[in-house]
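Okay, here's what each chain looks like letter by letter:
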Amino acid sequence: MTGSREPRRGIWRENSLTLAFGIAFLVVLVGQAIAGHAEFSEQMTVDGLQPLSFGEYLTPSDFAVDVTENWQSEFLRFFLYGIVYLVQRGSPESKPVGAAHTMTGTEG
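One structure accompanies this document, and this report is about it. Since this is a predicted model, take the numbers as computed values, not measurements.

About the criteria used
- Residues numbered from 1 in each chain as written.
- Predicted model: local features only at pLDDT ≥ 70, side-chain atom pairs only at ≥ 80, totals over all residues.
- Heavy atoms only, no water.
- Helix = DSSP H or I, 4+ residues; strand = E, 2+ residues; numbered from the N terminus.
- Buried < 20%, exposed > 50% of the residue type's maximum accessible area, 1.4 Å probe, protein only.
- Contact = heavy atoms within 4.5 Å.
- Areas by Shrake-Rupley, 256 points an atom, 1.4 Å probe, with all protein chains shown as cover.
- Patch = residues over 30% accessible without salt bridge, like charges linked within 9 Å, V, L, I, M, F, W, Y side chains within 5 Å.
- Salt bridge = Lys/Arg side-chain N within 4 Å of Asp/Glu carboxyl O.
- Lys, Arg positive; Asp, Glu negative; His and termini not counted.
- Charge placed at Lys NZ, Arg CZ, Asp CG, Glu CD.
- Phe/Tyr/Trp six-rings, centres within 6.5 Å; stacked < 30°, edge-to-face > 60°.
- Expected span 1.5 Å × (residues − 1).

### Looking at the overall build of the protein
Right, on to step 1. Per the secondary structure count, the protein includes 5 helices and 0 strands.
Right, on to step 2. Counting from the amino terminus, helix and strand elements in the protein follow one another as α-α-α-α-α.
Right, on to step 3. Counting over 108 residues, the protein shows a buried share of 22%.
Right, on to step 4. Pairs at least 24 residues apart make up 60% of the contacts formed inside the protein by residues separated by at least 6 positions.
Right, on to step 5. Only carbon and sulfur atoms are counted for the fraction: they give 63% of the accessible area of the protein, which is about 8,400 Å².

### Describing a negative patch on the surface
Right, on to step 1. Taken together, the side chains of E39, E42, D62, D66 and E69 make up a negatively charged region of the molecular surface.
Right, on to step 2. Going through the elements one at a time, helix 2 (16-46) and helix 4 (61-71) are the ones with two or more residues in the negative patch.
Right, on to step 3. Position of D62 relative to the elements: it lies in helix 4.

### A word on the packing of aromatic side chains
Right, on to step 1. In total, this model carries 2 aromatic pairs according to the counting rule given.
Right, on to step 2. Considering the side-chain rings of F40 and Y57, the 5.6 Å spacing of their centres and the 45 degrees angle between planes classify their relative orientation as tilted. Of this pair, F40 sits in helix 2 while Y57 sits in helix 3 (residues 54-58), and the two are 17 residues apart along the sequence.
Right, on to step 3. Among the residues examined, Y57 registers a relative accessible area of 5% and is labelled buried.
Right, on to step 4. An aromatic cluster of three or more residues is present, and its members are F40, Y57 and F63.

### As for helix 2
The α-helix winds at 3.6 residues per turn, so residues separated by three or four positions along the chain end up facing the same way.
Right, on to step 1. With 31 residues, helix 2 ought to run about 45 Å at 1.5 Å a step, and its terminal C-alpha atoms sit 44 Å apart, in line with that.
Right, on to step 2. The first or second residue beyond helix 2 is G48, which carries a positive phi of 80 degrees.

This is the structure:
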């Protein structure tokens, strides 16, 4: 077989867009959980109630409501648009993996 083979790239390069979005999601979700727990515990203390443990804070629907409200925000959307220069193998929005940066936005 004499066909030209595309050089093998690592999983990090070929799936950088998916990995970046996944990591960003997890970092923001953990950050929101920590900040939300601290704020909720402070409010419970001010109200004279026993603060919840971190696990107890994550299980009720209040945390899920806070997460969905946050993910609808404009700030997160614009942050994610800022990293779209990364590529995802097979994505019609990405240039071919390994192509020159000048090929961004070109057909073929």
